[in-house]
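Here is what each chain is made of, one letter per residue.
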Amino acid sequence: MPPPVGDRVVPRPRISKLFAELSESHRVVLISATSGSGKTTAVAETAARSSRPLAWLTLDSSEKAAGRLLVYLEAALQQAAPGTAGVASGALAAGLTHVEAGGLLADSLNRPVLLVVDGLEHLAGDDAETALAALAAFLRYAPQALRVILLSRIDLPLDFAAVAGYDDVAFVGEEVLAFTPEEAALALERAGSTVADPHRVVEATGGWVTGVLFEAWRSREHVSGTGGEVDPLHGYLASQILAGLTSDQREFLAITSLLDEVTPDRAVALGETRAAQILVDLRSKHLPVSWLPGTYRMRCHPRFREYLATRLDRLDPARVADARKAYAALLDAEGHPEEAVDQFIAVGDLKRAVAAAEAALPAVIDRLDLWVADRWISVLAGPGGQGTKHLVEGELMLAISRENYQNAVAVADRAAAEGYRDELASRSSRAASMMAWSYWHLARVDDARSVIAAAPPTTDIAAVEYLMALVDRPGAGSFSSPDLTGGPLDGLVMRVDYAHGRFRHVLDVQRSSWAAAISAPWTIGALRAMGRLREASELYRAAEGGRRSPAWLHGIVAPELMIDLGSPDEARAALTRGREHIRASGSVVFEWLSMLIEVKLELRLAHDVAAARRLLQQLDQVGARQYSFIAEAIDLWSGLADLEAGDAASARSMLRRAVASMSAAERLLDLPTAAVYLAEAEWRLDNPDAADQAADRALSASVLQGSNHQLLTALSDYPAVASRRLDADVVGESPWQEIAAALGEAEVRVSPDSGPSVSLLEFGQVKLLVDGREVRPRIAKSLLLLSYLATRVGHTATREELLDVLFDGRDDDSAKSYLRQAVHRLREVLPQGVGPTFTGERLRFSSPVGLTTESATLELELAQASRLRGSDKRAALERALRTVDSGVYLPGVDASWVLRRREEIAGVANRARLQAAQLAYADANYREADMLIETLLERDPYQESAWRLLMQVGSALGDADRVLAAYRRCRQALEELGVEPSETTTQLFDRLRR
């Protein structure tokens, strides 16, 4: 709440007008001036006259905890913008960083607001760095409609250029706030001083407002012009202000200096039984305090309160101790347990500190103010502490928030040893779920089940029961996914959804901005498993420095992503890095998963069957099969190892077991892979029918996943599975045709993002961007050279290739000289040390470069689209086609290589249009299908399958004439080639006419 403006405040229209103008013309106004300079009063007057809804937050030292700062900032903003309610607190509870939560809170503002943050000096010091960073993030993402006034006694290390830009920040210092002689005269008059010369007062005090108001210029210690930096008040307050009060009144002021706001009831709570009468008497005194109009609620000026605090320490120690204990109890009673904890600790009342901490810890940990929780727990729940039993839930939350399952289990075991684990589980499902989750990670299944059995049925318990589905054998329970609640266990649900191959569940979590952030590790995994490798790579790079679930992100998600990208060295590096996080977490299950990923790496990229078998044997020896989803993976990769070694019988045994278990448990993640390998094993053992059934099982699982990626990845190991299954179909069109066509597409490869960014635009225009800035080589062929290099593996080519591409095979001195110039001019516009150079007869870049071209990106997007299904695939295809439709490839260039490349691009684009049209037709989006087909046929009128689809669209629209017209146009187009429509086309036409 904004502070009340006292009755004796001197009007300062000069300052109020300035502040009003600055707050309208700048997003942020920073007022940095000495305490007592009048800044808070002036801003309060300005805010009262503003047309914007006001949000006011006055900080104290407790806001050094970043989470607390954000929650209080949210509460302040909620007064003016109700839409901010729960944004920051919900984000923090979900595990986002303080900086992310600050940005989201700012982003949630959707109306003009004036925000005042007073007392910013409390965010100084190393222990407040995170809080200051959170505030900076809030300011950085704040909308233009928000105006912010910051008040501080000191300069703070806040980079305002990065936060808002210097043009959008106004700075106000001491000199602006200083009293003019005219303002000083009015102030002295109101203070009852008619003798002092205002000009002399301003000269002596430097115009310092408090110095003028309380005639501090009389102090011999004051130095003329210091503006208040030398504190002159204490002597004056003692001799001129407090000397005129009774001893009871002086003691009352000292005792109540503990309170930010003094009321009769709060003062009585501190032991001041005559509080009401004393406040009545003080109301008539000239004191540096503000009174809420019409009440006896009093707020001391900050400098006056600081002075009174020094007097408090001079009173009788027993009386002061009683007052501090009463103050702690008052905070607790008023619903401020967090503030009460430190007060109880300070006065040595650890029993009550424990009770307050028990109430406050969940909110503190939800806000990720973990250093505060650490401090409390070390004092209250350490060896011999008072809170060993009562703070268990807080200790569990602290361990889980840090992904430290080993510590969480140690806390749960201590509770079990002392006999209160089940009782804790029965009264707190949250504690029970965290204990069960941690036991699961350490492969202590019986303990996990015991805790779950003792807990009441809640959404938290539903989440860990879902987790237990990864342990139990198929048929032992329900495998349905529980609803997400926005709590810390949502991450657990997403992990299990991922393990079941329910990728859409994971991706659909992103209904709100905070949910998108918390789900990043699982979203990356789901995107990877669906074949959306480029998106997964970009999201991983964005999340790489985050602290959310590092063991899962770096130990599980990253190496699998690198394997799918075909990067064995990066995969091994990710495994090494991830295992550091896994060891820190203490998770046995993560260790097993890491070993399985290494098995996959050895089999699919390194082709080292012996190394894979050693790892699989280790997993069997440590009992990893007790978890059914681990057992399935062991069987899967053991089956592949046997196939690679030529032991089809053993492979079939392993793979049949894996497929049966995955199917019964509805675990789709690796089911397409296992079923493809099983189809190969069955074929080798002369069971063609069983092989076809396994292949169909792989395809149906792929359909349920909503992606072809796992299926195509497995088929790339044994492509004959697809061709044999396609040969077995007797119908004209088969779903295996699409799979076989996709299998022939280029594999998805995403280059590592290293070196400067070099991007070539090729469609409709030719433009070269280096780190986002356009550059123009002096020779146009330099761009053609770069376009060709982008198509080559490693971005390298021989001199002979380049002469063929740039000069249609000319090999004379002129062509060679021109090639050297093209290379030189390209090097000129690239960063130093990056451009390509010849080493012998081969041209290559001198250092790593992030080279992309529109045509390469198009091919990547189309290859990725081939691994998707349904609406995801259609969206990917249409996104890629927008690039082609933006113009001619390398316009104005007629080199033979470019002409061939244009034909290639036109061919893949037309295939993509046909697939997009087929998907639109399947979705009953007939108008879009019609538009796509007409565009395709305009560019390639000889695709008979497109004519058939056009007839089907006409029939679906109930337009028989369109069907007939499409068939006629088909006949006319094919006549140009001297052929008739196929029997399939004619039969379709006959059927649609009827």
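Residues numbered from 1 in each chain as written. Predicted model: local features only at pLDDT ≥ 70, side-chain atom pairs only at ≥ 80, totals over all residues. Heavy atoms only, no water.

S.K.: Where do I start with the packing of aromatic side chains in this structure?
M.R.: For any two aromatic rings, the description comes down to two numbers: the centre-to-centre distance and the angle of the planes. Counted according to the given criterion, the structure contains 15 aromatic pairs. Pairing Trp 440 with Phe 629 gives two aromatic rings, centres 6.3 Å apart and planes at 20°, and the pair type is stacked. Placement of the pair is Trp 440 in helix 24 (residues 429–441) and Phe 629 in helix 36 (residues 628–645), with a sequence separation of 189 residues. Residue classification places Trp 440 among the buried residues on the basis of a relative accessible area of 4%. Three or more aromatic residues link up through ring pairs in this structure, and these residues are Tyr 405, Trp 437, Tyr 498, Phe 503, Trp 552 and Phe 590. One Lys or Arg, Arg 799, reaches over the ring of Phe 838 and ends 4.0 Å from the middle of that ring. (Phe/Tyr/Trp six-rings, centres within 6.5 Å; stacked < 30°, edge-to-face > 60°. Helix = DSSP H or I, 4+ residues; strand = E, 2+ residues; numbered from the N terminus. Buried < 20%, exposed > 50% of the residue type's maximum accessible area, 1.4 Å probe, protein only. Lys NZ or Arg CZ within 6 Å of the ring centre and 35° of its normal.)

S.K.: Even after reading the chapter, I still don't get the environment of Ser 587, so can you show me in this structure?
M.R.: Within the fold, Ser 587 resides in the loop between helix 33 (568–585) and helix 34 (588–606). Distance from Ser 587 to Glu 403, taken between C-alpha atoms, is 9.1 Å for residues 184 residues apart in sequence. With residues up to four places along the chain from it excluded, the contact list for Ser 587 reads Tyr 405, His 441, Leu 442 and Ile 582. One polar contact links the side chain of Ser 587 to the main-chain amide nitrogen of Phe 590, over a distance of 3.0 Å. (Contact = heavy atoms within 4.5 Å. Polar contact = N/O pair within 3.5 Å; in protein donor to acceptor, adjacent residues only side chain to side chain.)

S.K.: How should the sheet that holds strand 11 (residues 797–798) be read in this particular structure?
M.R.: Neighbouring strands of a sheet are bound in pairs by backbone hydrogen bonds; such pairs are parallel or else antiparallel. With antiparallel pairing, three strands are arranged side by side in an open sheet as 11-13-12. Sheet topology places strand 11 and strand 12 (836–839) at the edges, where each strand pairs with a single neighbour. In terms of strand pairing, strand 11 meets strand 13 (residues 842–845) through two bridges, oriented antiparallel. The partner of Ala 797 across the bridge, within strand 13, is Leu 843. Strands strand 12 and strand 13 of the sheet are contacted by helix 45 (residues 813–829), whose axis makes an angle of about 135° with strand 12. (Pairing = 2+ DSSP bridges. Axes fitted to C-alpha atoms, helices over the stretch in contact; angles between N-to-C directions.)

S.K.: What's the story with unusual backbone geometry in this structure? I'm lost.
M.R.: With glycine set apart, most residues show a phi of negative sign, and most peptide bonds adopt trans. Of note, Ala 443 is a non-glycine position whose phi angle comes to about 60°, a positive value. Checked against the element boundaries, Ala 443 lands in the loop between helix 24 and helix 25 (445–454). By relative accessible area, Ala 443 is classed as buried at 18%. The backbone phi angle of His 795 is positive, close to 55°, even though this residue is not glycine.

S.K.: Any chance you could explain a negative patch on the surface here in plain terms?
M.R.: A surface patch of negative charge is lined by Glu 800, Asp 804, Asp 808 and Asp 894. Relative to the helices and strands, Asp 804 is located in helix 44 (residues 799–807). (Patch = residues over 30% accessible without salt bridge, like charges linked within 9 Å, V, L, I, M, F, W, Y side chains within 5 Å. Areas by Shrake-Rupley, 256 points an atom, 1.4 Å probe, with all protein chains shown as cover. Salt bridge = Lys/Arg side-chain N within 4 Å of Asp/Glu carboxyl O. Lys, Arg positive; Asp, Glu negative; His and termini not counted. Charge placed at Lys NZ, Arg CZ, Asp CG, Glu CD.)

S.K.: Please explain the pairing of strand 3 (residues 113–118) as it appears in this structure.
M.R.: Remark: a regular strand shows side chains that alternate across the two faces of the sheet. For strand 3, the tally of buried residues reaches six of six residues, placing the bulk of the element in the interior. In strand 3, alternate side chains face the same way, and those of Val 113, Leu 115 and Val 117 on one face and Leu 114, Val 116 and Asp 118 on the other are all buried. When strand 2 (residues 54–58) meets strand 3, the two strands line up parallel, connected through five bridges. Along strand 3, the bridge assignment pairs Trp 56 with Val 116. In the sheet, strand 3 pairs with strand 4 (residues 146–152) via five bridges, with the strands oriented parallel. Bridge pairing in strand 4 links Val 117 to Leu 150.

S.K.: Looking at this structure, I do not really get a nonpolar patch on the surface. What am I missing?
M.R.: Together, Tyr 942, Leu 977 and Val 979 give the surface a local cluster of nonpolar side chains, amounting to about 260 Å² of exposed area. Looking at the secondary structure, you find Tyr 942 in the loop between helix 49 (926–939) and helix 50 (944–956).

S.K.: So what exactly am I meant to see when it comes to the sheet that holds strand 5 (residues 169–172) here?
M.R.: Taken together, the five strands give an open sheet; going across it, the order is 2-3-4-1-5, and neighbouring strands pair in parallel fashion. Either end of the sheet is taken by a strand with one partner, and the two such strands are strand 2 and strand 5. For this sheet, the mean inter-axis angle between neighbouring strands, taken without regard to orientation, is 15°. Two elements, strand 1 (residues 28–32) and strand 5, share four bridges in a ladder whose sense is parallel.

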